[in-house]
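Summary of the model geometry
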Amino acid sequence: MPTINYTRPFLYPYQLAILNSKARFTVTIAATKVGKTASHIVWLFEQALKCKANQSVWWVAPTIGQAKIAFDRMKVQISNKDLFTANETNRTITLITGAKMEFKTAEKPDNLYGGDVYAAVYDEYTRGREESWHALRSTLTSTGGKCKFIGNAKGKKNWGYKLAIKAKSGDDPNYEYFKITAYDAASAGMKTKDGRPFIEEIEDAKKDLPESVFNELYLAEASEDGSNPFGLQYIAQCTYPLSDKPAVCFGTDLAKKFDFTVNIGLDKFAYVSHFDRFQKDWRQTTETILGLPVAPLAIDSTGVGDPIAEDIASKRDNVTLKVFTQRSKQQLMEGLAYAIQRREIFFPEGMIREELEAFEFEYTRTGVKYSAPEGTHDDCVCALALAYSIWKDSVNMGSISIW
Ligand SMILES: Nc1ncnc2c1ncn2[C@@H]1O[C@H](COP(=O)(O)OP(=O)(O)OP(=O)(O)O)[C@@H](O)[C@H]1O
Ligand SMILES: [Mg+2]
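Residues numbered from 1 in each chain as written. Chains lettered and ligands numbered in written order. Predicted model: local features only at pLDDT ≥ 70, side-chain atom pairs only at ≥ 80, totals over all residues. Heavy atoms only, no water.

**A short note on the domain arrangement of the protein**
Here the protein is partitioned into domain 1 (13–208) and domain 2 (232–397). The C-alpha-based centres of domain 1 and domain 2 are spaced at 41 Å. Of the roughly 480 Å² buried at the junction of domain 1 and domain 2 (both faces included), carbon and sulfur atoms supply 39%. Our count for the domain 1 to domain 2 interface comes out at 0 salt bridges. Among the elements that line the side of domain 1 that touches domain 2, the one with the most residues is helix H7 (residues 198–208), at 3 residues. Within the side of domain 1 that touches domain 2, the residues separate by chemical class into 1 nonpolar, 1 polar and 5 charged. (Domains from an automatic or database assignment. Buried area = accessible area lost by both parts, 1.4 Å probe. Salt bridge = Lys/Arg side-chain N within 4 Å of Asp/Glu carboxyl O. Helix = DSSP H or I, 4+ residues; strand = E, 2+ residues; numbered from the N terminus. Nonpolar A, V, L, I, M, F, W, Y, C, P; charged D, E, K, R; others polar.)

**Some remarks on the site of ligand 1**
Around ligand 1, the structure places 15 residues, and the nearest of them are Lys33, Lys36, Thr37, Ala38 and Arg73. Gly35 has a polar backbone atom sitting 3.0 Å from an oxygen atom of ligand 1. Within the backbone of Ala38, one N or O atom sits 2.7 Å away from an oxygen atom of ligand 1. The fraction of the free accessible surface of ligand 1 (630 Å²) that becomes covered by protein chains is 75%. Ranked by residue count, the leading element in the shell around ligand 1 is helix H2 (residues 36–49), at 3 residues. By residue class, the composition of the shell around ligand 1 is 6 nonpolar, 4 polar and 5 charged. (Near = heavy atom within 4 Å. Polar contact = N/O pair within 3.5 Å; in protein donor to acceptor, adjacent residues only side chain to side chain. Areas by Shrake-Rupley, 256 points an atom, 1.4 Å probe, with all protein chains shown as cover.)

**Let's talk about the sheet that holds strand S5 (residues 100–105)**
Note on sheets: strands pair through backbone hydrogen bonds, and any given pair is parallel or antiparallel. On the basis of which strands lie adjacent, the open sheet formed by 8 strands has the order S3-S4-S5-S2-S6-S7-S1-S8 and mixed pairing. Since the sheet does not close on itself, it has two edges, and those belong to strand S3 (84–87) and strand S8 (175–180), each with one partner. Between one strand and the next, the sheet's axes are offset by a mean angle of 15 degrees, whatever the strand orientation. (Pairing = 2+ DSSP bridges. Axes fitted to C-alpha atoms, helices over the stretch in contact; angles between N-to-C directions.)

**Concerning the sheet that holds strand S10 (residues 261–266)**
What the 5 strands build is an open sheet, ordered S11-S10-S9-S12-S13; its pairing is mixed. Each end of this open sheet is capped by a strand with a single partner; those strands are strand S11 (272–278) and strand S13 (319–322). The mean angle between the axes of side-by-side strands here comes to 15 degrees, regardless of whether they run parallel or antiparallel. Running over the sheet, helix H11 (residues 306–315) touches strand S12 (297–300) and S13 and is turned about 160 degrees from S13. Sheet contacts for helix H13 (residues 351–358): S10 and S11; angle to S11, the most-contacted strand, approximately 80 degrees. (Contact = heavy atoms within 4.5 Å.)

Next comes the structure, spelled out in C-alpha cells:
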C-alpha cells in the first residue's frame, strides 16, 4: 500500500486541544472566524490517513453549499495534488491509499443512513438538523468512529445547545466540550484575512452589532433570547402606553403581497404617538399617508412599493425614500436595536411589541440578515425602524429639539 508523508500544518493551541482530545465526541461552540472549519479539515484528513482502502470519513454540513466549501478547502489544503483524486459530482476525495473523504449535506437525514463511517465532522451543527446527527450516529456504530461537532452559539431552545450542555456537564466520558471566544483567538495571535490583529475586528463588531448578536458570534454565549436581535428584556423595558403628544416624524412600511401598510409616528422624545396598520388599495393607501400630520416621513420604497412611495414624495414635503437591501436593512435594524438597548425609543403593547419579540437575525456569509420568522410579519418593526432613523437624523440636524 502506498504511504503518504504528512506534516501537520500550524495550529493554534486552542485548535490543537480539540484535535488531541481523547473523547470520542467533541462539541465545540466557538466564535466566528476562529478557525473551526480549518482545524477540523486537518483533523478529518488525519483520520482519513489512518483508514484503509474503501474506508470512509465524512464531513457533514447543514447545506450542500457549506459542504462544497469544505470540499474545496480540503482540496486546496492537500498540497501534493498527486495524493488524491476528486469527484466533483459526489464531493468525494479519494486518497492514493484508497481511503475516502465524503462531503455531505445534512438536509436529508435519510441520505446519511447506511455505510460505515470511520470518523466524522458535523460543521455548523447548531444550524443543522438533529435527525442528521441520529443518522450519522448510526453509521459510526460498527466502526466505533469519532465525531466532532463545531458551531456558533445559536439560542437555547434547540438540540445543538442541549448537546453542548450535555458535553459540558462531563456526565458522559465519551463527550468533551470546548468553547472558543474571539478573544481567545485574538490572544493566541490570530489575524484577519487581510492581516490585521483579530482584536480590531472584534472591537469593530462590538460597535456594529446588537449585544445579543455579538455575544453569540464573538463570545460563543448562547443568548436567552435565541436569535432576537433586540433582547426580550430590553423590549419589555421600552414598552410604554401610546403617547398623546404630537408626532414629529413618521416611518411607513408599505404593504407588499401579503402584509400590511404600517404608519408609526414618534413624538419628540421618541415615544410612539401614532400607529395604524391596514390593508387598502393603493389609492386609499396614498391618501391615508398624505393625510398624516406634516412632519418628516421615511418610507420603504423597495420593490412594488416604489411607484406609490414616489407618488407620495412628489405630493408631500420632507419624504425620505428608503430602498431595503440586506445591508441597508441590517443598518436600520442595528440602529433600532441600539435604541431599544439604550432605552431611547418607546412603543405600546400589542402588535409592535409582538413583532419585535418574534423578530430574528440570521448570520450568513454576506452579513447579518434580519427578518421575521417564516409566515409572520415584520411591517411594524420596519416602520418603527424607519421612524427611529428619521427621528435620529432630525435630532442630529437640530430640527427636533428634545430639550
Ligand atoms: N491555524 C491557523 N493558522 C493560520 N490561519 C488560520 C488557522 N486557522 C484558521 N485560519 C484562518 O482563519 C480564517 C477563518 O478560519 P475558518 O473559516 O476555519 O473559521 P471558522 O471558525 O470555521 O469560521 P466561520 O464562523 O466562518 O465558520 C481562515 O482564513 C483560515 O484560513
Ligand atoms: Mg466554519
